[in-house]
Structure formats: C-alpha cells, structure tokens
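Here are the chains, one letter per residue:
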Amino acid sequence: MVETAFTPWSSLAGGVLIGLSAVLLMAGVGRIAGISGILARLMPPSAADDGAGRLAFVVGLIAAPATWIALTGATIQQTVVPAGAVAIVAGLLVGFGSVWGSGCTSGHGVCGLARLSPRSMAAVGTFMATAIATVLLVRHVF
Amino acid sequence: MRIAVQFLAGLLFGLGLVVSGMADPAKVLNFLDIAGTWDPSLAFVLAGATGTTFVGYRLVLARRRPLFAPAFQLPTATRIDGRLLAGAAIFGVGWGLAGFCPGPAVTSLALGAPGTLAFVPAMLVGIVAARALAAAPFLQPKTR
C-alpha cells in the first residue's frame, strides 16, 4: 500500500465540478448522471432513445484527462492501477453489481443522496461497508 | 444541443474526477483503508458533489421541464429490496478490490494503463451479464 496526500481543497473543487455536471445533465436533458446506467443503456440490448447523447457523455468523460493536461500542463497521477486477474474480477463485480443494484457511486452516491432517496442511502451504506471490508481483508488480513 | 449538453456534462464530470484525484485508484483505496493509510479526500469529493447537486437539483426541478427534453426522468422505485442491497454489496467488493468505479475507470481509459484496459471491458461484460440475468424469465416478478 502507498500513502497518498490528503487533498481537501482540490477534492472539494473536483466534487463541485461533478455536481455541476449532474445539475447540467438534469437541466439539459432531465436525466440522472449515473455512469453505470449511461454505460448500461449503451450496451446491447441498447435503449432506443438518445444513444448519441449517452455516447457524447462517455466521449466527454474520456476527453477529460487530455483537456485537463492541455489547459494546465499538469500531469495526472495514477499511483496504482489494478492489474491482471484482480482488474478483470473487480471489473466484472463492479459492472454486475452496479446494474443489479441500479446504480454506482455517481447514480446512488452523488445524485441519489442529493435527492435524499432512501434506496440510494441504503445502497451507499451497503457498498461503502463491503468496500471497506474488502480493503481490510486484502490489506490487513491476507 | 442535446448532444452538446451531454458531451459537456461528461467532460465536466471527467474533469471533476481528475481534479479531485479520484482518477487515481490509490486515493480511493486509501479512503476505504480506514485501518491503514487512510486518506479522507473522497469524503470531500462526495460532499462537494452531493452538496452542489442538492442545491442545483432544487433549482432545476422547480422548472416545468428540462431545456432540451420533454420531461424529467427520475427513478420511481422506492422499495429497498434484496436486489438493491445484493447489487450494492457486489459492487462494493469490486470497488474495494480495484479502487475503480465506472466513472473513474472510463475517464482513465485515456491514460492507457494496462489495468484500466482490462478493467473496463470486464466491467462492460458484467453490465451485460446483469442485464441479461435481470431479463431472465424465472426472475420476473409474479403477477397476481
């Protein structure tokens, strides 16, 4: 495990940008900014409505690192990235679980909590608990 | 305009992830590692994002309709059921293993780390599998 610097201000500022994105999406097209939902409706069988708009959102996400580097000249740090079998197993679980549970950190975490949705509160509490337990087991037990 | 707005929303979201440090799985894992190298930054991301959305949604949802669509489309389910909790629990295990959730993983595609290029296709397979299973006849709610 690697120490990472505590970055309250940049993290708060980044959070505000994420919030503005969610508000823009609701104001513009009336939709929740849930990344797993947006991805799911792009996958077969894809939703009939507004596939181009969902694709545009995903393209915007992917364009963000290059845009940030072009604007600031800064580099983007990835201290660790999951690799190999862990990356694949984790990807399967994240994809399956986010659809099965109707949302991920964005749909339940940001938009759902902002709507004071009891379902989202239950989902966030549950995935925070299993994620913390997983890290505890991986880093401190095994 | 619809498409431009959604591109801009995606770009803003991705910039938020980059600025907040959440494109680095190490920061996410350290947030979850409360017994070890704890980094509380993610709580500040969630506070900034949820607070902004809380205020913004109240302004936006007071309007009759969105700017470029006929109506707001908000989730209608209210029951906290087994599927919601099981899905969230499974999601959390994957999130805790990798430090990636869907947004940061997709945003990180552009950074080209081999692990990201393995994680995202696996995630898409998981998404398709869950949708297929959810549509399976034996799992449909019984009609009375």
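The rules we used
- Note that residues are indexed from 1 along each chain, following the sequence as it is written.
- Chain letters and ligand numbers both follow the written order, the letters beginning at A and the numbers at 1.
- Only residues with pLDDT of 70 or above have their local features reported here, since the model is predicted, and side-chain atom pairs are shown and tallied only from 80 upward, although totals for entire chains, interfaces and linings are computed over all residues.
- Computation of side-chain values: all heavy atoms of the structure, hydrogens and water removed.
- Going along the chain from the N terminus, every DSSP run of H or I of four or more residues is numbered as a helix, and every run of E of two or more is numbered as a strand.
- A contact between two residues is defined here by any heavy atoms of the two lying within 4.5 Å.
- Buriedness of a pocket was judged along seven lines, with at least five required to meet protein on both sides within 12 Å; pockets are open sets of points on a 1 Å grid over the protein atoms alone, cavities are sets where a 1.4 Å probe fits but cannot get out, and lining residues have an atom within 4 Å of a point.
- Grid points are joined across faces, edges and corners, and a volume is the space filled by probe spheres set on the points.
- Any residue outside Ala, Val, Leu, Ile, Met, Phe, Trp, Tyr, Cys, Pro, Asp, Glu, Lys and Arg is labelled polar, Gly included; the first ten of those are nonpolar and the last four are charged.
- Whether two aromatic rings pair depends on their centres lying within 6.5 Å, for rings of Phe, Tyr and Trp, where Trp uses its six-membered ring; planes under 30 degrees apart make the pair stacked, over 60 edge-to-face, and the rest tilted.
- Each residue is placed in one exposure class: buried if its accessible area under a 1.4 Å probe, protein chains only, is under 20% of its type's maximum, exposed if it is over 50%, and partly exposed if it falls in between.
- Whether a charge sits over a ring comes down to the Lys NZ or Arg CZ being within 6 Å of the ring centre and within 35 degrees of the ring normal.
- All axes are obtained by fitting lines to C-alpha atoms, using only the stretch in contact for helices, and the reported angles, taken between N-to-C directions, cover 0 to 180 degrees.
- Each crossing gets its handedness from the near helix: less than a right angle anticlockwise from the far helix is left-handed, clockwise is right-handed.
- Two parts placed together each lose some accessible area under a 1.4 Å probe, and adding up what both lose gives the buried area.
- Should a side-chain nitrogen of Lys or Arg be within 4 Å of a carboxyl oxygen of Asp or Glu, the pair is scored as a salt bridge.

> Please provide a residue-by-residue account of the environment of Met121 of chain A, values included.
All names here are of chain A. Looking at the secondary structure, you find Met121 in helix α6 (residues 118-141). Separated by 13 residues in the primary sequence, Met121 and His108 place their C-alpha atoms 7.4 Å from one another. Dropping the residues within four chain positions of it, Met121 is found in contact with Leu113 and Leu116.

> Can you break down empty space enclosed by the protein residue by residue, with the values?
Over the atoms rolls a probe the size of a water molecule, and its path tells where empty space is left. A complete count under the given rule lists one cavity of 30 Å³ or more for this structure. Empty space within the largest cavity amounts to approximately 250 Å³. The wall of the largest cavity is formed by 22 residues, among which Thr105 and Val110 of chain A together with Leu17, Val45 and Cys101 of chain B lie closest to the centre. Those elements that place two or more of their residues in the lining of the largest cavity are α5 (105-114) and α6 of chain A together with α1 (2-20), α3 (41-60) and α5 (102-108) of chain B. The element that contributes the greatest number of residues to the lining of the largest cavity is α5 of chain A, accounting for four residues. Residue composition of the lining of the largest cavity, by class: 18 nonpolar, four polar and no charged.

> Talk me through the packing of aromatic side chains; I want residue IDs and the actual numbers.
A complete count under the given rule lists eight aromatic pairs over all chains for this structure. Ring plane angle 25 degrees and centroid distance 6.1 Å describe the contact between Phe91 of chain B and Trp95 of chain B, whose orientation is recorded as stacked. In this pair, Phe91 of chain B and Trp95 of chain B both sit in helix α4 (residues 82-98), four residues apart, roughly one turn of the helix. Owing to a relative accessible area of 1%, Trp95 of chain B belongs among the buried residues under this scheme. With a centroid separation of 5.3 Å and an interplanar angle of 55 degrees, the aromatic rings of Phe100 of chain B and Phe119 of chain B are classed as tilted. Of this pair, Phe100 of chain B sits in the loop between α4 and α5 while Phe119 of chain B sits in helix α6 (residues 114-134), and the two are 19 residues apart along the sequence. For the pair formed by Phe100 of chain B and Phe119 of chain B, the shared burial category is buried. Each member of the aromatic cluster is reached from another via a ring pair, and the members are Phe127 of chain A together with Phe91 and Trp95 of chain B. Note that Arg58 of chain B overlies the ring of Phe54 of chain B, its terminal NZ or CZ placed 3.8 Å from the centroid. Here the basic side chain of Arg83 of chain B rests over the ring of Trp100 of chain A, its NZ or CZ set 4.3 Å away from the ring centre.

> Describe the packing of α6 of chain A against α4 of chain B, with residues and values.
Between α6 of chain A and α4 of chain B, the least distance of the axes is 7 Å, while the angle of their chain directions is 35 degrees. Between α6 of chain A and α4 of chain B lies a crossing of right-handed hand. Within the contact between the two elements, α6 of chain A uses Arg119, Ala122, Ala123, Thr126, Phe127, Met128, Thr130, Ala131, Thr134, Val135 and Val138 of chain A and α4 of chain B uses Leu84, Leu85, Ala88, Ala89, Phe91, Gly92, Val93, Trp95, Gly96 and Leu97 of chain B. For the contact of α6 of chain A with α4 of chain B, the per-class residue count stands at 15 nonpolar, five polar and one charged.

> Residues and numbers for the interface of chain B and chain A, please.
Each partner contributes to the interface: chain B provides 109 residues, whereas chain A provides 107 residues. Approximately 9,600 Å² of surface area, both sides summed, lies buried where chain B meets chain A, with 76% of it carried by carbon and sulfur atoms. If you sort the residues of chain B by the area they bury against chain A, Phe13, Tyr57 and Arg131 of chain B come out on top, with a joint share of 8%. In this structure, the connection of chain B to chain A is made through three salt bridges. Measuring nitrogen to oxygen at the nearest pair gives 2.6 Å for the salt bridge that ties Asp50 of chain A to Arg2 of chain B. Elements represented by at least two residues in the side of chain B that touches chain A include exactly α1, α2 (25-32), α3, α4, α5 and α6 of chain B. When residues in the side of chain B that touches chain A are grouped by element, the largest group, 18 residues, is from α1 of chain B.

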